[in-house]
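These are the residues of each chain, in order.
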Amino acid sequence: MNPRALQQAIVRMMYDPAFLAAVHGARPVPGLGEAERALLRRVDRRAFATDPFRRARAVQALVEEFPASAAAIGLPRVDAFLSSPAFHACVTGRGALALAFATWLKDQAGGAGAIEAALADLRRRPPVATPGPTAPRRRPPAATPDPAASPRDGSIAGALVCSPRFAPLLVPAGTLEWYEATRAWLGPTPLQRLAEHGPRPSPPRRGRPRGVDDEALLLEAGGDGDMSLGTASPALVHLLRHAGRPRTRAVLEAEAVARGATPREAPEVIDDLLADGLLVPA
């Protein structure tokens, strides 16, 4: 008997009538042995439906955090997430509902989904102190990498990474306009608006390979929890996305050159990003 599997199954049965039916069905249920199923079957099925609005509240929570995405895909598909393998994996893995929904969205809501997935991720990151207005702009002395001196944990000594306060995004052209118009249309009660009027016209989609004529956006989490979203130069967004994992300064300077800086300008570009808090030590 696996108590954890029982606990997780009970949560799933309260949210997903289809899973409840599967537990009482004839076919095997992944993750549950016959002993667990026999115990669950002894519980009156009505006990899992004592709160008829439990699932609706979960849908409401998702719509409130992902309003534009919900407007793009419609309420029935938001509700369908609570019967999806992604939701069940979230329960069994004790994950965050919003982050699991963001992963499940993928490209269903176009660039609006990418924006709101990044917002959900930023909200759950630990707060990071913002740099002061007089942050010094000092470039560390150049050093020749010594492979023998590399840390044993596989990290890169002296590496830099995009600050966790920022999320650089590349989305289909026209996404920001669609997103802002949709948020305004939804108003303060997006669930009610969608229930009354249904989904919005589909958001912009890519007509060419990723990166061609994309819109470059930058999300920033403020120290007070506020989020700001705006356009940015494609070169900056590409550079910060390249720094999504730790990179040496030399690698980032080379990327700056690839994005239009001259070899002489590249060190200053990295200095400026460090001073502005867009890049931080890894």
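Refer to the preceding data block for the structure.
Rules of the game
Residues numbered from 1 in each chain as written. Predicted model: local features only at pLDDT ≥ 70, side-chain atom pairs only at ≥ 80, totals over all residues. Heavy atoms only, no water. Pairing = 2+ DSSP bridges. Helix = DSSP H or I, 4+ residues; strand = E, 2+ residues; numbered from the N terminus. Salt bridge = Lys/Arg side-chain N within 4 Å of Asp/Glu carboxyl O. Buried < 20%, exposed > 50% of the residue type's maximum accessible area, 1.4 Å probe, protein only. Contact = heavy atoms within 4.5 Å. Axes fitted to C-alpha atoms, helices over the stretch in contact; angles between N-to-C directions.

Participant: Provide a residue-level description of the pairing of strand β4 (residues 227-231), including the pertinent values.
Facilitator: As judged from the 5 bridges shared by strand β3 (residues 215-221) and β4, these two strands associate in the antiparallel manner. Bridge pairing links A221 to M227 in β4. Once β3 ends, the chain turns through 5 residues before running back antiparallel as β4, passing G225 with a positive phi of about 90°.

Participant: With reference to specific residues and values, describe the pattern of salt bridges.
Facilitator: Following the criterion strictly, the structure yields 12 salt bridges and no others. In this structure, R125 and D121 form a salt bridge, with 2.5 Å as the shortest nitrogen-oxygen distance. Bridged by salt links that share partners, the residues E34, R37 and R41 form one connected network.

Participant: Run through the side chain of R55, naming residues and quoting values.
Facilitator: Its location among the elements puts R55 in helix α4 (residues 54-65). Judged by relative accessible area, which is 16%, R55 ranks as buried. When sequence neighbours within four positions are dropped, the list of residues in contact with R55 reads Y15, D16, P17, D79, A80, L82 and S83.

Participant: Mind laying out the pairing of strand β2 (residues 166-171), listing which residues take part and the relevant values?
Facilitator: Buried residues dominate β2, accounting for 6 of its 6 residues. Here β2 shows a buried face lined by F166, P168 and L170 and a second buried face lined by A167, L169 and V171. Of the strand pairs in this sheet, β2 and β3 are connected by 6 bridges, and their pairing is antiparallel. Pairing of L170 across the sheet is with A216, part of β3.

Participant: Go over the side chain of Q8 with me, naming the residues and quoting the values.
Facilitator: Assignment of secondary structure puts Q8 in helix α1 (residues 3-15). Excluding residues that lie within four positions of it along the chain, Q8 makes contacts with V91 and T92.

Participant: Tell me what's going on with unusual backbone geometry, and back it up with residues and numbers.
Facilitator: In this structure, R94 is a non-glycine residue whose phi angle is positive, near 55°. Counting through the fold element by element, R94 comes out in the loop between α7 (85-92) and α8 (97-105).

Participant: Which residues make up the sheet that holds β3, and what values go with them?
Facilitator: An order of β2-β3-β4 is seen for the 3 strands of this open sheet, with the pairing classed as antiparallel. Edge positions in the sheet fall to β2 and β4, since each of these pairs with one other strand and no more. Across the sheet, the mean angle separating the axes of adjacent strands is 20° when strand polarity is ignored. Helix α12 (residues 234-242) rests against β2 and β3 of the sheet, and its axis sits at about 120° to β2.

Participant: Let's hear about helix α14 (residues 266-275): which residues, and what values?
Facilitator: Taken together, the buried positions of α14 are A266, P267, I270, D271, L273 and A275. Its buried side turned inward, α14 meets β1 (160-162), α12, α13 (249-258) and β5 (279-281). Within two residues after α14, G277 carries a phi angle of roughly 80°, on the positive side.

Participant: Go over the environment of L20, please, and point to the residues and values.
Facilitator: Tracing the sequence through the fold places L20 in helix α2 (residues 17-23). Judged by its relative accessible area of 11%, L20 falls in the buried class. Residue contacts for L20: discarding those within four places in its chain leaves M13, R45 and F48.

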